[in-house]
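# Analysis of the macromolecular model
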Amino acid sequence: MTNPTLPLPTPIDTAAVEALFALPFNDLLYRAQTVHRQHFDPNKIQRSTLLSIKTGGCSEDCAYCSQSARRDQETGIERGKLLDLEEVKVAAKAAKEKGATRFCMGAAWRGPKDGDLDRVIEMVRVVKDLGMEACLTLGLLGPGQAEKLAAAGLDYYNHNLDTGAEFYDRIITTHSQEARMETLMSVRRAGMKICCGGIIGMGESRKVRASLIAQLASLDPPPESVPINHLVAIPGTPLENAPPLDPFEFVRTIAAARIAMPTSYVRLSAGRQQMSDELQALCFLAGANSIFYGDKLLTSGNPDVAHDEALFARLGLTGC
Ligand code: SAM
Ligand code: DTB
Ligand code: SF4
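Computed from a predicted structure; not experimentally measured. (Residues numbered from 1 in each chain as written. Chains lettered and ligands numbered in written order. Predicted model: local features only at pLDDT ≥ 70, side-chain atom pairs only at ≥ 80, totals over all residues. Heavy atoms only, no water.)

## A short note on the pairing of strand E2 (residues 102-107)
If a strand is regular, its side chains alternate between the two faces of the sheet. For E2, the tally of buried residues reaches 6 of 6 residues, placing the bulk of the element in the interior. The two faces of E2 match: Arg102, Cys104 and Gly106 on one face and Phe103, Met105 and Ala107 on the other face are all buried. Sheet topology note: the strand E1 (residues 44-54)/E2 ladder contains 6 bridges and is parallel. Within E2, the position partnered with leucine 50 by the bridge is cysteine 104. In this structure, E2 lies alongside strand E3 (residues 133-137), joined through 5 bridges in parallel fashion. Paired with cysteine 104 across the two strands is cysteine 135, which belongs to E3. (Buried < 20%, exposed > 50% of the residue type's maximum accessible area, 1.4 Å probe, protein only. Helix = DSSP H or I, 4+ residues; strand = E, 2+ residues; numbered from the N terminus. Pairing = 2+ DSSP bridges.)

Structure representation (structure tokens):
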């Protein structure tokens, strides 16, 4: 019988996370749920709503993404303009009325131009005025940009490591993981909270999954919010035929994230629309305590609010 509170090495390394993955499923879930209960109410789930404020036409080549300009013919995603302030206000208000506590705005950019950033800052102010937390995901930040966002009251900046360092070059060639780390450090230095996670199911090995979790947990301090995305295999992207992942392996990844980052919110992120209710319930048992809430992610679908409300009621979960 495994001890559910055995300490992990500091700093945590890939081998320690691989040892978690290797546990019998029931032992791993018991341990993850035990750790979860030491830090969180196990029946409360944080809800964030996403809005794509600028869709498509991106210069980058991330193999999972529908928004790269290199494949807009294949994916059919057209390049859009930065949304108007009024459109953002309407969407944020609606999200608040449905129970979301955080509003996350995403743009298909390598990084923001200074002129665009000023317009996005207006959007942050609109969200904050509604009494919601604000999160942005705009790509790599340039000099002084994190400070401007912090001064505008931005709560979280999302920028993912996406996968383990050893697999990264197979997925993205136009910007490095080191550049991502620099953006994360600038966010931290400016005093904002970090939302940073990755994608599971891109054909990576278990060792790569363990390495991603170890890298995230080694950030000092670990990200306050950790989105674990299941790949949404979007037709027209290089990963459209990625090999299917054993769903239990996804649950193991959530459990490993929970144990390695006991005080972080772990978000069951993209891919919920493709999951059964039972699989989502296992993810909550493994320690996921946040979701994207609302009918759409950026370009792909998400379970509708009525379905999520019914699932919460069936599982005795509430928002927080
Ligand atoms: N352009 C910015 C960037 O790349 O940081 C912000 C938006 S980008 C779409 C944000 C994150 O969404 C990516 O880092 C990736 O982890 C996730 N993502 C994008 N497409 C996905 C897909 N098809 N399946 C799962 N996650 C995805
Ligand atoms: C994150 O980790 N996942 C979200 C958010 N951060 C920006 C994005 C998921 C995108 C899923 C594919 C799409 O809708 O295009
Ligand atoms: Fe561009 Fe972000 Fe998509 Fe990469 S993930 S192609 S940077 S929108």
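## Points about the pairing of strand E7 (residues 225-230)
Among the 6 residues that make up E7, 5 are buried, leaving the element largely enclosed by the rest of the structure. Pairing of strand E6 (residues 198-200) with E7, which is carried by 3 bridges, proceeds in the parallel orientation. Along E7, the bridge assignment pairs isoleucine 199 with asparagine 229. Traced from E6 through helix H9 (residues 206-218) to E7, the parallel crossover comes out right-handed. The pairing of E7 with strand E8 (residues 265-268) spans 4 bridges and is parallel. Of the residues in E8, the one forming a bridge with valine 226 is valine 266. Handedness of the crossover joining E7 and E8 through helix H10 (residues 247-260) is recorded here as right-handed. (Right-handed = clockwise from strand over helix to strand, strands pointing away.)

## With respect to the site of ligand 2
Near ligand 2 you find 14 residues, and of these Asn160, Asn229, Leu298, Thr299 and Ser300 are the closest. Here an oxygen atom of ligand 2 and a side-chain polar atom of asparagine 229 are 2.9 Å apart. Computed on the free molecule, ligand 2 has an accessible area of 400 Å², of which 87% lies beneath the protein chains in the complex. Classifying every residue of the shell around ligand 2 gives 6 nonpolar, 8 polar and no charged. (Near = heavy atom within 4 Å. Polar contact = N/O pair within 3.5 Å; in protein donor to acceptor, adjacent residues only side chain to side chain. Areas by Shrake-Rupley, 256 points an atom, 1.4 Å probe, with all protein chains shown as cover. Nonpolar A, V, L, I, M, F, W, Y, C, P; charged D, E, K, R; others polar.)

## Digging into helix H4 (residues 85-98)
Between its terminal C-alpha atoms H4 stretches 20 Å, which fits the 20 Å expected from 14 residues at 1.5 Å a residue. Turning to H4, its buried residues number three or more, namely Val88, Ala92 and Ala95. For H4, the arc enclosing every buried residue in end-on projection is 60°, short of the 170-degree limit, so these residues lie on one face. Structural note: H4 exposes Glu86, Val90 and Glu97 on the side pointing more than 90 degrees away from its buried face. On the buried face of H4, the contacting elements are E1, E2 and helix H5 (114-129). (Expected span 1.5 Å × (residues − 1). Arc of directions from axis to C-beta. Contact = heavy atoms within 4.5 Å.)

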